[in-house]
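# Analysis of the macromolecular model
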Amino acid sequence: MAEPVSVAAEYLAGSRARAARTVLGQVVLPGEELLLPEQEDAEGPGGAGERPLSLNAGARSRVRVVCGPGLRRCGDRLLVTKCGRLRHKEPGSGYGGGVYWVDSQQKRYVPVKGDHVIGIVTAKSGDIFKVDVGGSEPASLSYLSFEGATKRNRPNVQVGDLIYGQFVVANKDMEPEMVCIDSCGRANGMGVIGQDGLLFKVTLGLIRKLLAPDCEIIQEVGKLYPLEIVFGMNGRIWVKAKTIQQTLILANILEACEHMTSDQRKQIFSRLAES
Amino acid sequence: MVTQSVRSARGRAEVIIAATRGVGAMEEEMHTDAKIRAEIGTGCSPRGPGCSLRHFACEQNLLSRPDGSASFLQGDTSVLAGVYGPAEVKVSKEIFNKATLEVILRPKIGLPGVAEKSRERLIRNTCEAVILGTLHPRTSITVVLQVVSDAGSLLACCLNAACMALVDAGVPMRALFCGVTCALDSDGTLVLDPTSKQEKEARAVLTFALDSVERKLLMSSTKGLYSDSELQQCLAAAQAASQHVFRFYRESLQRRYSKS
């Protein structure tokens, strides 16, 4: 009985933990473990050759690394929990190890604190509205969380309205709560989204791509027709143009953007611009 | 609605077909004890001598409504899987500290019966061992499997399709898993990934679910008569074969992400 098992042991080439640095930009699968670079203390800003004294002479110092979506801490390694490309961002202030995360393609949204999302009001119960944001639970929105709202001056929100707001409470244990004001009390673009227009759903990866600072798609779309557009991090986009036909064309373009290369996109835009 | 038709006309997004056959190296080194004979002319499965797996194919993100979907083909056996989650759960079914996992298996013809219920339970237990349910308490994750064609090794094909669909949906998992079926002949010959004819004629059919990190056993479902040492040999063969399945997973996922 021991023999077949030992033969099988040769094939138990379990996933060896790889250094995170070597895997950047590559596709990682759930179950892989990544080693963090253990760095010595970087040379201080004081000048060459200076090193801060450490009480434990032998121990190497650990760098503080932020574990982003798709990664979990497991001992002193990172465990990959979602499939996607591994990304890294250097820390802005030069201290710490930066952020590691996995860029995955997903359709389902999970509420995250601070995200701006588009929700649909599904119920009004007493002082709060129940808003469907595409997650596992409807979020709650208090009527006082609008700009200029007081107990006497209630906001004009009906069931079925579209709301653009951000999460103030969003964790796995509690019901998500959203508000339509920022920390200073100003609306800042949030609140009830106006009449007409079209709401449609895309994948979360496309939203992140469109909201990236150097995205050409939005600039090109803006040159086509005058439009109003709202992006929700929960995969919902609301778009409004002058006529219904233009609105539908814009919606189709944005949905198709995910699968087109930039050349195909430019072709379609030039064809539309001519007609 | 115009938007609807565009979505369906665009059709399936990523089509990944990769053929892998696990032949060659593995047979020479394993099972020095087991009696393996060259299988020349056994039924309709075109395989090389010894134990090998049938042609694989996998397609992801082919359904527009579920959060994740995958279709897995093993030879002529084909299963379509869709995953919804983490989504709303009924209060009667919610678990306070982890996700409620539900598996629904629909046969190709007829109503689902006791055999389907039993397979659903096996698949659910495998998925629960691998999914990080504590990250999404009080939600439900539903895996719906539809048998498109059954030509042997159905449970293993269902497990593979479920794994690929869970990865496509972005459900957090601590490892990947795969299913491998072994059939033991009346004279002790071991056949991996048997066809339905081989399964019917076999003395015992064993299905194992293995995880990707250390090839550990997650689930085993066996039918028939076999000895202790034969069980160990089948398990070892399945562990060796699972390497090929995981390599196929890796290749198809890399191909999918290379397009974007």
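Residues numbered from 1 in each chain as written. Chains lettered and ligands numbered in written order. Predicted model: local features only at pLDDT ≥ 70, side-chain atom pairs only at ≥ 80, totals over all residues. Heavy atoms only, no water.

As recorded by an unreviewed UniProt entry, chain B carries the name Exosome complex component RRP46 and is attributed to Rhinopithecus bieti. Regarding chain B, the UniProt comment filed under Sequence similarities (unreviewed entry) reads as follows: "Belongs to the RNase PH family." (UniProt positions renumbered as here; feature names shortened; annotations may be inferred.)

As annotated in an unreviewed UniProt entry, chain A carries the name Exosome complex component RRP40 and is attributed to Rhinopithecus bieti. Per its UniProt entry, chain A bears the Sequence similarities (unreviewed entry) comment "Belongs to the RRP40 family."

## Considerations on the nonpolar core
Ranked by size, the top nonpolar core spans 64 residues in total, and within it B:F72, B:I123, B:L145, B:L166 and B:Y249 carry the most contacts. At 13 residues, helix α4 (residues 154–169) of chain B tops the list of elements feeding residues into this core. Sequence-distant contacts of B:F72, defined by excluding residues within four places in its chain, comprise B:F56, B:A57, B:C58, B:T77, B:S78, B:V79, B:C157, B:N160, B:A161, B:M164, B:F248 and B:Y249. One finds A:V121, A:F129, A:Y143 and A:V157 within the second-largest nonpolar core, a separate group that totals 25 residues. (Core = buried A, V, L, I, M, F, W, Y, C linked by side-chain atoms within 4.5 Å. Buried < 20%, exposed > 50% of the residue type's maximum accessible area, 1.4 Å probe, protein only. Helix = DSSP H or I, 4+ residues; strand = E, 2+ residues; numbered from the N terminus. Contact = heavy atoms within 4.5 Å.)

## Considering the sheet that holds strand β10 (residues 217–224) of chain B
Residues and elements named next belong to chain B. Overall, antiparallel pairing links the four strands, which are arranged β8-β7-β9-β10 in an open sheet. Looking at the sheet topology across the chains shown, the edges are occupied by β8 (190–192) and β10. Here the strands of the sheet are splayed against their neighbours by 20° on average, with no regard to which way each runs. Pairing analysis gives seven bridges linking strand β9 (residues 204–211) to β10, with the strands arranged antiparallel. (Pairing = 2+ DSSP bridges. Axes fitted to C-alpha atoms, helices over the stretch in contact; angles between N-to-C directions.)

## With respect to the UniProt feature "domain: Exoribonuclease phosphorolytic" (unreviewed entry) in chain B
All names here are of chain B. The residues that UniProt annotates with the feature "domain: Exoribonuclease phosphorolytic" (unreviewed entry) are residues 53–172 and 176–240. Regarding residues 53–172, the helix share stands at 28% and the strand share at 33%, and the terminal C-alpha atoms are separated by 29 Å. Between the end C-alpha atoms of residues 176–240 there is a gap of 16 Å, over a span that is 29% helix and 42% strand.

## Section: the layout of surface pockets
A probe matching the size of a water molecule, rolled over the atoms, marks out where space remains unfilled. All names here are of chain A. Its volume calculated, the second largest pocket comes out at about 1000 Å³. For the second largest pocket, the lining is made up of 36 residues, of which P69, K82, V110, P111 and V112 are closest to its centre. When residues in the lining of the second largest pocket are grouped by element, the largest group, three residues, is from strand β8 (residues 98–103). Residues belonging to the lining of the second largest pocket are distributed by class as follows: 17 nonpolar, ten polar and nine charged. (1 Å grid on protein atoms, 1.4 Å probe; cavity = no way out; pocket = protein on both sides within 12 Å on 5 of 7 lines; lining within 4 Å. Points joined across faces, edges and corners; volume = space filled by probe spheres on them. Nonpolar A, V, L, I, M, F, W, Y, C, P; charged D, E, K, R; others polar.)

## Topic: the domain arrangement of chain A
Residue and element names in this part refer to chain A. Split by domain assignment, chain A resolves into domain 1 (18–40 + 63–103), domain 2 (115–192) and domain 3 (198–274). Between the C-alpha centres of domain 2 and domain 3 the distance comes to 26 Å. Of the residues lining the interface, eleven residues belong to domain 2; the matching set on domain 3 comes to nine residues. Among the residues of domain 2 in contact with domain 3, I118, L162 and Y164 are the three that bury the most area, contributing 55% of the side total. Counting the contacts that link domain 2 with domain 3 gives one salt bridge. As a salt-bridge pair, R236 and D132 come within 3.2 Å of each other at their nearest N and O atoms. If you look at where domain 2 meets domain 3, you find five residue pairs in polar contact (both at pLDDT 80 or more). For the side of domain 2 that touches domain 3, the secondary structure elements donating two or more residues are β9 (116–125) and β12 (162–169). (Domains from an automatic or database assignment. Buried area = accessible area lost by both parts, 1.4 Å probe. Salt bridge = Lys/Arg side-chain N within 4 Å of Asp/Glu carboxyl O. Polar contact = N/O pair within 3.5 Å; in protein donor to acceptor, adjacent residues only side chain to side chain.)

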